[in-house]
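Residue-level structure breakdown
Letter by letter, the chains look like this.
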Amino acid sequence: GGGGGGGGGGKRLTLLTVTHDRAFLGETCDTILELDRGSLYVHAGNYASYLEGKEARLALEDAAVQSAKAKYRTELDWMRRQPQARETKSKARIDAFYKLEKATKPRASDASLDIEGGGRRIGKNVLKLKDVSLSFGERKMLDKFTYDFNRGDRVGI
C-alpha cells in the first residue's frame, strides 16, 4: 500500500510487500490488491478491512449462486420436457439455460494461481536477497534481510 511514512514532506510512497506476517500487513498497508480467479479486487484499508471486504464479496457471490440454482431448477424442468413441448419455445431460452447452468457452479474453494515464465529456468533460485535494508524515516521495515526465493515457494503478496 502507499503509506506516507515518516519524513519526506508528505511524499507518498508505494511499497510492494511479500510477507506472511498478517500483523505487519495490518500495520503498514492502506490498500490491498487481491487477485482471485482472474479478477483483481481493490480493498481500501488494512488487512482487517481486506478480510471483511473479501468475506462480504464471497457472501454476495454465494447468494448469486443460490439464486441461479433456484432459477436453474425451473429451467431444467422445462428442458427435460418432451421435445415437442419445446419446439415452439425460443432458442434464446435454451441458450440462456446453458449460461445459467454455468452460473450455478460454485467457485473453487482452493484455487491456485500458476504464473509461468515464457523461458526455461535453470536452477531452483528465483530471487536472492542479501543484507537488504529499507526504512521510511525512522521506521525500519527491513534490516539486513537475507532470503532466497526458490521455485515452488509459496509467498503472500
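The structure under discussion appears in the preceding block.
In this text the structure is predicted, and so the values were computed from the model without any measurement.

What about helix H2 (residues 47-80)?
At 3.6 residues per turn, the α-helix brings residues three or four places apart onto the same side. With 34 residues, H2 should cover 50 Å at 1.5 Å per step; its first-to-last C-alpha distance of 48 Å lies within 8% of that length. Taken together, the buried positions of H2 are occupied by Tyr47, Tyr50, Arg57, Leu58, Val65, Ala68, Tyr72, Glu75, Leu76, Trp78 and Met79. If you check the start of H2, you find a side-chain oxygen 3.1 Å away from the backbone N of Ala48, and it comes from Asn46.

Some remarks on the nonpolar core
Counting residues in hydrophobic clusters, the biggest one holds seven residues: Ala68, Tyr72, Leu76, Trp78, Met79, Phe97 and Leu100. Secondary structure elements with two or more residues in this core: H2 and helix H4 (91-103). With five residues, H2 is the largest single contributor of residues to this core. Apart from residues no more than four positions distant in its own chain, Tyr72 is found in contact with Phe97, Leu100, Glu101 and Thr104. Leu25, Cys29, Ile32 and Tyr50 belong to the second largest nonpolar core, which has five residues in total.

Points about the pairing of strand S4 (residues 139-150)
With eight bridges connecting them, strand S3 (residues 125-136) and S4 associate as antiparallel partners. Considered in S4, the bridge of Val132 is made with Phe145. The antiparallel pairing of S3 with S4 creates a hairpin that spans two residues between the two strands, and Gly137 there sits at a positive phi of about 60 degrees.

Overview of the pairing of strand S2 (residues 39-44)
For strand S1 (residues 31-36) and S2, the ladder comprises six bridges, and the chain directions are antiparallel. In the strand pairing of S2, Leu33 is matched with Val42. Here S1 hands over to S2 after two residues, with Arg37 in that stretch at a positive phi of 50 degrees.

Observations regarding unusual backbone geometry
Across the chain, the bulk of peptide bonds are trans and the bulk of non-glycine residues have phi less than zero. Positive phi values are uncommon outside glycine, yet Asp131 reaches one of about 50 degrees. Mapping Asp131 onto the fold places it in strand S3. Positive phi outside glycine occurs at Lys144, with the angle close to 55 degrees. Relative to the elements of secondary structure, Lys144 occurs in strand S4. For Lys144, a relative accessible area of 59% translates into the label exposed.

Digging into a nonpolar patch on the surface
On the surface, a nonpolar cluster with roughly 420 Å² of combined accessible area is contributed by Leu33, Leu35, Leu40 and Val42. Contributing elements (two or more residues each) for the nonpolar patch: S1 and S2. Following the sequence through the fold, Val42 ends up in strand S2.

Focus: the side chain of Thr28
You can see Thr28 is positioned in helix H1 (residues 22-28). Here Phe24 takes part through its backbone oxygen, which lies 2.7 Å from a polar atom of the side chain of Thr28. Beyond its immediate sequence surroundings of up to four residues, Thr28 is in contact with Arg139 and Met141.

Quick look at the packing of aromatic side chains
The geometry of an aromatic ring pair is captured by two quantities: the separation of the ring centres and the angle between the planes. Applying the stated criterion across every chain, the model contains five aromatic pairs. On the basis of an interplanar angle of 15 degrees and a centroid distance of 5.3 Å, the ring pair of Tyr72 and Phe97 is categorised as stacked. With Tyr72 in helix H2 and Phe97 in helix H4, the pair connects residues that are 25 residues apart, well separated along the chain. Classification of Tyr72 by relative accessible area gives buried; the value is 16%. For Phe97, a relative accessible area of 3% puts it in the buried group. By the ring-pair criterion, three or more aromatic residues cluster together here, those being Tyr72, Phe97 and Tyr98.

The rules behind each value
- The residue numbering used here restarts from 1 in each chain and proceeds along that chain's sequence as written.
- Since the coordinates come from a predicted model, pLDDT governs what is reported: local features require at least 70, and pairs of side-chain atoms require 80 or more to be given and counted, while whole-chain, interface and lining totals use all residues.
- The side-chain values count all of the structure's non-hydrogen atoms but skip hydrogen atoms and water molecules.
- Here a strand is any run of E in DSSP of at least two residues, a helix any run of H or I of at least four, and the numbering for each starts at the N terminus.
- Helix span, expected: 1.5 Å multiplied by one less than the number of residues in the helix.
- To sort residues, take the accessible area from a 1.4 Å probe on protein chains only and compare it with the maximum for the residue type: under 20% means buried, over 50% means exposed, and anything in between is partly exposed.
- As used in this structure description, the phrase polar contact means that two N or O atoms lie within 3.5 Å; if the pair is within protein, one of them must be able to donate a hydrogen and the other to accept it, and residues adjacent in sequence are counted only when both atoms belong to side chains.
- Definition of nonpolar core: a set of buried residues of the types Ala, Val, Leu, Ile, Met, Phe, Trp, Tyr and Cys, connected through side-chain atoms within 4.5 Å.
- By definition in these notes, contact holds between two residues if any of their heavy atoms fall within 4.5 Å.
- When DSSP finds two or more bridges between two strands, those strands count as paired.
- Each patch is assembled from residues with relative accessible area greater than 30% and no salt bridge, linking like charges that lie within 9 Å and nonpolar side chains (Val, Leu, Ile, Met, Phe, Trp, Tyr) that lie within 5 Å.
- Where accessible areas are quoted, they stem from the Shrake-Rupley method and a 1.4 Å probe; at the residue level, only the protein chains shown are allowed to cover.
- The salt bridge definition used is simple: a Lys or Arg side-chain nitrogen within 4 Å of an Asp or Glu carboxyl oxygen.
- The aromatic pairing rule takes the rings of Phe, Tyr and Trp, using the six-membered ring of Trp, and pairs them if the centres are within 6.5 Å, calling planes under 30 degrees apart stacked, those over 60 edge-to-face and the rest tilted.

Geometric descriptors of this kind do not, in isolation, establish any biological role.
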